[in-house]
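Each chain is listed here by its residues.
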Amino acid sequence: MGLSKTIWANPVEVIRTKQPDHPVLVFAPTVLQATARRFLRGFPGLVTYAVKSNPDEMVIENLVAAGLRGFDVASPAEIEMIRRIAPNAALHYHNPVRGRDEIAFAVAKGVKTWSVDSISELDKLIEMVPAAGCEISVRFKLPVAGAAYNFGAKFGATAELAAVLLSRAAAAGFIPSLTFHPGTQCTDPMAWDAYIRTAAEIARNAGVEIARLNVGGGFPNHRSVGPAPALEEIFALIDRVTGEAFGAARPALVCEPGRGLVGDAFVHVTRIKALRDGEHVFLNDGVYGGLAELPLIGNIDRIAAISPEGVIRSQEARPRIVFGPTCDSVDRLPGELGLPTDMEEGDFVVFKGMGAYSSATNTRFNGFGQLEVVTALSLDF
Ligand SMILES: *Cc1c(COP(=O)(O)O)cnc(C)c1O
């Protein structure tokens with residue numbers, strides 16, 4: 001992954017000038033900072049950033065510049081990077097399963113907030129982490145719909161187990177908190193409603209007053225044609241329901257968006273290598289590269305086809321099967337993508353809202369994946 005020092009006006013200028021044969025992610029720091037300020041202004045609590053969604057150092061630096069002071073980290077490498085770029089930021093180690101080497105590393109780096117979803121991992125923390133001033137946040141799950149991808153399939157205790165873990169963490173002298181993740185790209189605000197009310201029940205059942213409630217990531221970014229998701233409505237719901245559910249025992253709130261913060265700050269520029277017999281579209285990037293997420297959570301329909309001269313193809317769209325460049329038959333975008341009929345080989349297909357889980361999971365499988373990141377003043381075209 002290369003990094004250009006040029007700052008482009010917009011993605012169309014990148015296409016016209018570079019006509020890149022490799023995939024290019026175009027990053028607009030102004031968009032990222034504006035989204036960060038929207039969270040900081042609107043969310044009724046502490047905003048942290050889930051580093052895994054896009055660990056590009058330019059992203060971290062711009063979030064810090066916008067005023068972000070906390071990060072959700074999942075590994076020693078992420079801890080080390082954030083300590084280097086933002087030495088005083090709060091680190092929330094919210095991967096609930098860790099090796100002993102990882103726990104020791106994080107203790108040495110001053111991590112004070114840890115999530116947990118099982119007895120065995122809680123016992124490891126009690127044994128290895130000095131309790132004074134440290135917070136243990138019990139991660140619980142609910143069988144709720146609303147998100148594009150079920151996060152409860154891997155992590156999260158049932159409400160019953162969560163109450164046991166919470167009282168055990170409190171008894172061991174840790175600051176007791178609760179956390180959940182409603183699932184990524186969660187477009188149904190009622191998921192937060194259900195989770196927050198369950199959190200209050202868990203705390204009551206455990207007989208513990210929790211210090212903080214972390215309402216996770218899951219905030220959606222703008223992936224579908226139509227209005228952008230109304231983040232402020234989700235913030236308002238979280239604020240209201242927390243008050244209703246907890247009453248006088250209202251905890252401080254934390255959120256840890258990845259996608260919702262970074263998603264709309266990048267567009268992804270791919271090129272049409274071939275229109276096989278006028279039918280199938282072969283792009284220079286696919287599910288082993290920057291488009292890895294699409295089979296997991298669905299296509300983005302905020303797309304455009306643009307000629308090498310920078311002309312946006314405008315004829316009526318027709319559905320096409322779209323393949324990535326590798327020789328693997330799973331390297332295909334889900335379903336069909338509506339692309340303009342006047343589109344040609346050598347044109348560029350631009351996907352908007354591609355800042356999260358794109359560069360982070362890019363591979364070099366089959367010799368492809370030469371992904372470049374460039375910076376632009378604007379993503380509009
Ligand atoms: C991945 C992850 C996030 C970020 O999720 P998004 O859906 O990208 O907002 C937040 N918290 C935890 C614990 C995660 O694993």
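Residues numbered from 1 in each chain as written. Predicted model: local features only at pLDDT ≥ 70, side-chain atom pairs only at ≥ 80, totals over all residues. Heavy atoms only, no water.

Chemist: How would you summarise the pattern of salt bridges if you had to cite specific residues and measurements?
Modeler: Under the defined criterion, the tally for this structure stands at 17 salt bridges. For R212, the salt bridge goes to E135, with nearest N and O atoms at 2.6 Å. Taken together, the residues span a long stretch of sequence, with R212 in strand 9 (residues 212-214) and E135 in strand 7 (residues 135-139) at a distance of 77 residues. Under the relative-accessibility criterion, E135 is labelled buried at 6%. E279 serves as the salt-bridge partner of R318, at 3.8 Å between the closest nitrogen and oxygen. On the criterion of sequence distance, the pair formed by R318 in strand 14 (residues 317-320) and E279 in the loop between strand 11 (266-276) and strand 12 (280-283) is long-range, its members being 39 residues apart. Assessed through its relative accessible area of 28%, R318 is described here as partly exposed. (Salt bridge = Lys/Arg side-chain N within 4 Å of Asp/Glu carboxyl O. Helix = DSSP H or I, 4+ residues; strand = E, 2+ residues; numbered from the N terminus. Buried < 20%, exposed > 50% of the residue type's maximum accessible area, 1.4 Å probe, protein only.)

Chemist: Explain the domain arrangement of the chain to me, and be specific about the residues and the numbers.
Modeler: When the domains of the chain are assigned, the result is domain 1 (2-27 + 264-376) and domain 2 (30-262). Together domain 1 and domain 2 conceal approximately 1900 Å² of surface at their shared face, both sides included; 55% is due to carbon and sulfur atoms. Of all residues in domain 1, D264, I297 and Y357 give up the largest surface area on contact with domain 2, accounting jointly for 32% of the area buried on that side. Salt-bridge contacts for R259 lead to E293; the nearest nitrogen and oxygen are separated by 2.5 Å. Inspection of the region where domain 1 meets domain 2 yields twelve residue pairs in polar contact (both at pLDDT 80 or more). (Domains from an automatic or database assignment. Buried area = accessible area lost by both parts, 1.4 Å probe. Polar contact = N/O pair within 3.5 Å; in protein donor to acceptor, adjacent residues only side chain to side chain.)

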